[in-house]
Amino acid sequence: MTLTKDAKIYVAGHRGLVGSAIVRSLRRQGFDNLIVRARHELDLTEQGAVREFFDAARPQAVIMAAARVGGIHANNSHPAGFLRDNLLIQDNVIDAAYRSGAEKFVFLGSSCIYPKMAPQPIKEDYLLTGPLEPTNEWYAVAKIAGIKMCQAYRREYGFNAIALMPTNLYGPGDNFDLQSSHVLPALIRKFHEAKSRDDPSVEIWGTGTPRREFLHVDDLADAVLHLLQTYDAEPIVNIGWGEDVTIRELAERVMSAIGYRGMLTFDGTKPDGTPRKLLDVSRLHGLGWRPRISLDEGIAATYAWFKEHAADARL
Ligand code: GFB
């Protein structure tokens, strides 16, 4: 759909890694009628509050970047929270957006919705063809419900909702808490601190052999805005970089970006998670979008952001 620059757009989750990048991108493109609400102003798990907000605000478009997210350990430790919070948030927001007359809705899923042993690279059609990865199946089931809700509302009510599946994301504004973060910010923090303390080695969780694909969040935001304005159909669309690395390779790249010269050790008591998660991005390329920020450039930019914000309470 075509959106004019004064279109009223609600970005749910604007303080998170993804939501903040989407707000930056929208502003850069000249959209200046954005609506955002902090968690203390609007609790998205509360259906009544969400309906009231939408009835009053009536956004023309909604970008749904609000979710309870975390790395492998957070997912594995809080199955109930990840399932409950994500189901509540997305059901409330999708339903209220439809009821209040939104003309476009963008839902963001995750590459963990696909079967653990899916052939690689993973095509969109592999959804629901096999068992999920156990460390994050609760989050994945919630995200699959969100995709199906978008597709069901489109079929039954003609609601223009699209569902996009990003690969593992990273960038400025990420969560650097070692217990709940994803691997890339965790490694930045670990190597930075090890360098400053002159530690002889840094511990990497798992075997280092799993493969992951990493996309800078500014690229993701750019893809979301492209598809917000050009894609209006039911099939889900993968958003990825197109290549992956092993966790060991990732560690070596982060290490060299930071200038840490110690050893790597691997803690085999920590889970590896899914062995490989590389998205097939041919549908995305066919829709006219490609990423720009290489992994090395992205690591350098994220490390620069980390150093600038290392004193923030959130880290
Ligand atoms: O990024 P990550 O937590 O999530 O872990 P997933 C990726 C890989 O890095 C795993 C290893 O094999 C981890 O064992 N790893 C090594 C580390 N060192 C570390 C470390 O210090 N911290 C962390 N966090 N990992 C998540 C899902 O899976 O991916 C979510 O749990 C979501 O649901 C997200 O889908 C994108 O890629 O395994």
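Further up the page is the structure itself.
Computed from a predicted model, the values in this text were never measured in an experiment.

Draft legend 1. The arrangement of the site of the ligand in detail. In the region of the ligand, 22 residues are neighbours, and Ile 72, Lys 190, Arg 212, Pro 271 and Asp 272 sit closest. Between Ser 181 and the ligand, the recorded distance is 2.9 Å, taken from a backbone N or O atom to a nitrogen atom. For the ligand, an oxygen atom lies 3.1 Å from a polar atom in the side chain of Lys 277. Here the ligand has 700 Å² of accessible area as a free molecule, and 97% of this is covered by the chains. With 3 residues, the top contributor of residues to the shell around the ligand is helix H6 (residues 183–197). Here the residues of the shell around the ligand are counted per class, giving 10 nonpolar, 8 polar and 4 charged.

Draft legend 2. Layout of the packing of aromatic side chains. Going through the model one piece at a time under the given rule, you end up with 13 aromatic pairs. Ring geometry for Tyr 10 against Phe 54: centres 5.5 Å apart, planes inclined by 85°, an arrangement best described as edge-to-face. On the criterion of sequence distance, the pair formed by Tyr 10 in strand E1 (residues 9–12) and Phe 54 in helix H2 (residues 47–57) is long-range, its members being 44 residues apart. Relative to Tyr 139, the ring of Phe 82 lies with its centre 6.1 Å away and its plane at 75°, an arrangement referred to as edge-to-face. With Phe 82 in helix H4 (residues 79–99) and Tyr 139 in helix H5 (residues 137–157), this pair connects stretches of sequence that are 57 residues apart. Residue class for Tyr 139 comes out buried when judged on its relative accessible area of 10%.

Draft legend 3. Examining helix H1 (residues 17–28) more closely. Taking 1.5 Å as the rise per residue, H1 with 12 residues should run 16 Å; its terminal C-alpha atoms sit 17 Å apart, in good agreement. The complete set of buried residues in H1 reads Leu 17, Val 18, Gly 19, Ser 20, Ala 21, Ile 22, Val 23, Ser 25 and Leu 26. Buried residues belonging to H1 abut E1, strand E2 (34–35), strand E3 (61–64), strand E4 (104–108), strand E6 (168–170) and helix H7 (217–230). Count one or two residues on from H1 and you reach Gly 30, which has phi positive near 95°.

Draft legend 4. Local environment of the environment of Trp 241. Tracing the backbone through its elements, the reader meets Trp 241 in the loop between strand E10 (237–239) and strand E11 (245–246). Expressed as a C-alpha distance, the spacing of Trp 241 and Phe 214, which sit 27 residues apart in the sequence, is 6.6 Å. With near-sequence residues (within four places) excluded, Trp 241 lies in contact with Thr 167, Glu 213, Phe 214, Leu 215, Asp 219, Pro 291, Arg 292, Ile 293 and Ser 294.

Criteria and cut-off values
- Residues numbered from 1 in each chain as written.
- Predicted model: local features only at pLDDT ≥ 70, side-chain atom pairs only at ≥ 80, totals over all residues.
- Heavy atoms only, no water.
- Near = heavy atom within 4 Å.
- Polar contact = N/O pair within 3.5 Å; in protein donor to acceptor, adjacent residues only side chain to side chain.
- Areas by Shrake-Rupley, 256 points an atom, 1.4 Å probe, with all protein chains shown as cover.
- Helix = DSSP H or I, 4+ residues; strand = E, 2+ residues; numbered from the N terminus.
- Nonpolar A, V, L, I, M, F, W, Y, C, P; charged D, E, K, R; others polar.
- Phe/Tyr/Trp six-rings, centres within 6.5 Å; stacked < 30°, edge-to-face > 60°.
- Buried < 20%, exposed > 50% of the residue type's maximum accessible area, 1.4 Å probe, protein only.
- Expected span 1.5 Å × (residues − 1).
- Contact = heavy atoms within 4.5 Å.

Keep in mind these numbers describe shape, not what the thing actually does.
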